[in-house]
Amino acid sequence: MDNALSIEQQGKGKIKILFFKWKCSNRAGTERILSVMAGALAKHYAVTVVTAWNQGLPDSFPFPATVTRHDLGIDRKRYHMRALANREAVRRLARYIDTHPQDIVVTLDGALAQIPKFKDASKKVFWYHFCLNSERIEARNPDLGIFSKMARRYKWHRKIRLARHFDRLIVLTKKDCELWQKYCNNVTYIHNTVTLKPQRQAHYQAKRVIAVGRLVYQKGFDRLIDAWKRVAERFPDWQLDIYGQGKLAGKLNSMIASQGLQNCVHLHNDTSEIASALVEHSIAVMSSNYEGMPLVLLEEAACGLPLVSLDCECGPSEIVDDGRNGFLVAQEAGAQGIAQALMKLMADDALRQAMGKNAAQSVERFSQERIVSRWSAVIHQIMHS
């Protein structure tokens, strides 16, 4: 923080930082963290958030008045191909930056390969919210055809080529940073910050487990339902609540029915009151095939929930301290490992409470103050590189 403030005190004024995202109307972790961090950084920098096509929809997580907000006003329905809409977005963004000069331009959408080619003087940063191998892992999805799998492998290679053209690549975890460093020398990591301040802690006597995420291959909810089949045989009075929406809702409901779990596994729509839902449970579980740095795990820990997570790439291993605030399950252990970890917690009230209290304390290292300080250090490095 001191480095960034010293620049301002030298008479150069506030550093101008622009964040770009296609749209901010989706209700997901990336949108939430962008809103929180833009607002936090705006206390020290001149922050602007630009989208291409919110199309009149409100931001899912509003930005404070200290953040300049601008939408490029593109109507995607006018374009027959996504590539044409993308090209128009690039043109309008370049024009906006020409008329509103920036010191740093940060894109959260790596598809904008043209950003590093802009002729303005700003430093170009790619803030990547998944993990290096996300496309490779997606290519293992058995529901994909051969051409879709090939497309994802191509995207993996293209992503690396693209990242090399930016002045800085920011990823979310130390582990992912180490993976990227095999291909790029411009990479650093900044953890997500915890965004919840719960009014109360979890209800440790509740015989309910919660999982939160989009109903897509990434989140591995089919694995979780398989795990719960084992759990239900020993703990038939426990309930599993899955909060989220997505294209796999029908498939997951069919799976629940075919395994006879309708009375103990429940799919719920996404909710804007997730903190209220979290504290009505006594355990949180994550079964993802991959992550960036899962904000939901931080939120669950902040609410005092003991955590059970598969040790996927990347993120859970930097949040879950195995045996202290929850259990980190080896990937090869799969559904059986998840079930065993859940049952350890279900069988021991004192263990749930002890791990839950440790979880609440563990999120202090992801406090907004610490993460803003980390951002400021990286901004200083970028400005002087």
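So, how was this worked out
Residues numbered from 1 in each chain as written. Predicted model: local features only at pLDDT ≥ 70, side-chain atom pairs only at ≥ 80, totals over all residues. Heavy atoms only, no water. Helix = DSSP H or I, 4+ residues; strand = E, 2+ residues; numbered from the N terminus. Buried < 20%, exposed > 50% of the residue type's maximum accessible area, 1.4 Å probe, protein only. Polar contact = N/O pair within 3.5 Å; in protein donor to acceptor, adjacent residues only side chain to side chain. Contact = heavy atoms within 4.5 Å. 1 Å grid on protein atoms, 1.4 Å probe; cavity = no way out; pocket = protein on both sides within 12 Å on 5 of 7 lines; lining within 4 Å. Points joined across faces, edges and corners; volume = space filled by probe spheres on them. Pairing = 2+ DSSP bridges. Axes fitted to C-alpha atoms, helices over the stretch in contact; angles between N-to-C directions. Parallel < 35°, antiparallel > 145°, perpendicular 65-115°, else oblique. Left-handed = near helix turned anticlockwise from the far one by under 90°. Nonpolar A, V, L, I, M, F, W, Y, C, P; charged D, E, K, R; others polar. Right-handed = clockwise from strand over helix to strand, strands pointing away. Expected span 1.5 Å × (residues − 1). Phe/Tyr/Trp six-rings, centres within 6.5 Å; stacked < 30°, edge-to-face > 60°. Lys NZ or Arg CZ within 6 Å of the ring centre and 35° of its normal.

A. Structural detail: the side chain of S134. Along the chain, the position of S134 falls in helix α4 (residues 134–138). Overall, S134 belongs to the buried group, its relative accessible area being 4%. Reaching out from S134, the side chain makes a polar contact with the side chain of E135 at a distance of 3.2 Å. Filtering out sequence-adjacent residues up to four positions away, S134 remains in contact with Y128, K159 and Y290.

B. Up close: empty space enclosed by the protein. Applying the stated rule across the entire model yields 1 cavity of 30 Å³ or more. Each pocket or cavity is described by its volume, and for the largest cavity that value is around 40 Å³. The wall of the largest cavity is formed by I17, F19, L41, I104, V106, V125, I170, W375, I379 and I382. Elements represented by at least two residues in the lining of the largest cavity include exactly β1 (16–21), β4 (104–107) and α13 (368–383). At 3 residues, α13 tops the list of elements feeding residues into the lining of the largest cavity.

C. Layout of the sheet that holds strand β5 (residues 123–127). Strand order in the open sheet formed by 7 strands is β3-β2-β1-β4-β5-β6-β7, with parallel pairing between adjacent strands. If you trace the sheet from one side to the other, it starts and ends with β3 (68–71) and β7 (187–189), each paired once. For this sheet the average axis-to-axis angle between neighbouring strands, irrespective of direction, equals 25°. Bridge analysis of β1 against β4 gives 4 bridges, and the strand direction is parallel. Each bridged residue has a counterpart across the sheet, and for L18 the counterpart in β4 is V105. Along the sheet, α13 contacts β1, β4, β5, β6 (168–171) and β7; its crossing angle with β6, the most-contacted strand, is approximately 165°.

D. Main features of the packing of helix α7 (residues 221–234) against helix α11 (residues 334–346). It is the contact of α7 with α11, at a shortest axis distance of 8 Å, that shows an interaxial angle of 45°. Between α7 and α11, the angle falls in the class oblique. Crossing of α7 over α11 shows right-handed handedness. Contacts between α7 and α11 involve R223, L224, D226, A227, W228, R230, V231 and R234 from the former and G334, A335, Q336, I338, A339, L342, M343 and M346 from the latter. For the contact of α7 with α11, a count of residues per class yields 10 nonpolar, 2 polar and 4 charged.

E. The arrangement of the sheet that holds strand β11 (residues 283–286) in detail. Ordered by their spatial adjacency, 6 strands build an open sheet running β10-β9-β8-β11-β12-β13, and the pairing between neighbours is parallel. Taken across any chain shown, the strands that pair with only one partner, and hence form the sheet edges, are β10 (265–268) and β13 (326–329). Averaged over neighbouring strand pairs, the angle between their axes works out to 20° when direction is ignored. Sheet topology places strand β8 (residues 208–212) next to strand β9 (residues 239–243); 5 bridges connect them, and they run parallel. Following the sheet pairing, V212 is matched in β9 by Y243. Set on the sheet, α7 makes contact with β8, β9, β10, β11 and β12 (307–310); between it and β9 the angle comes to about 170°.

F. View of the pairing of β9. The buried fraction of β9 amounts to 5 of the 5 residues, a majority that puts the element mostly inside the structure. Burial of the side chains of β9 extends over both faces: Q239, D241 and Y243 are buried on one face and L240 and I242 on the other. Taken together, β8, α7 and β9 form a β-α-β motif whose crossover is right-handed. Handedness of the crossover joining β9 and β10 through helix α8 (residues 249–258): right-handed.

G. Highlighting the layout of surface pockets. Looking at the second largest pocket, its volume works out to about 170 Å³. Contributing to the lining of the second largest pocket are V36, V194, T195, L196, K197, P198, A302, V363, S367 and Q368. Split into classes, the residues belonging to the lining of the second largest pocket amount to 6 nonpolar, 3 polar and 1 charged.

H. Quick peek at the pairing of β12. With burial as the criterion, each face of β12 is covered, one bearing L307 and S309 and the other bearing V308 and L310. Pairing between β11 and β12: 3 bridges, direction parallel. Across the sheet, V285 pairs through a bridge with V308, a residue of β12. Since β11 and β12 lie parallel, the crossover through helix α10 (residues 295–302) that links them has a hand, and here it is right-handed. Pairing geometry for β12 and β13, over 4 bridges, is parallel. Residue L310 lies in a different strand from β13, and its bridge partner there is V329.

I. Inspection of helix α2 (residues 29–41) at higher detail. Taking 1.5 Å as the rise per residue, α2 with 13 residues should run 18 Å; its terminal C-alpha atoms sit 18 Å apart, in good agreement. Regarding α2, the residues found buried are E31, R32, I33, L34, S35, M37, A38, G39, A40 and L41. Buried residues along α2 sit against β1, β2 (46–51), β5, α9 (274–278), α10 and α13.

J. Highlighting the packing of aromatic side chains. Summed over all chains, the structure comprises 11 aromatic pairs. Each residue in the set F126, Y128, F130, F166, W180 and Y290 is aromatic and connected to the rest through ring pairs, giving one cluster. The lysine or arginine in question, R76, covers the ring of W53, its NZ or CZ lying 4.8 Å from the ring centre. Its end group placed over the ring of W22, R82 keeps NZ or CZ at 4.9 Å from the ring centre.

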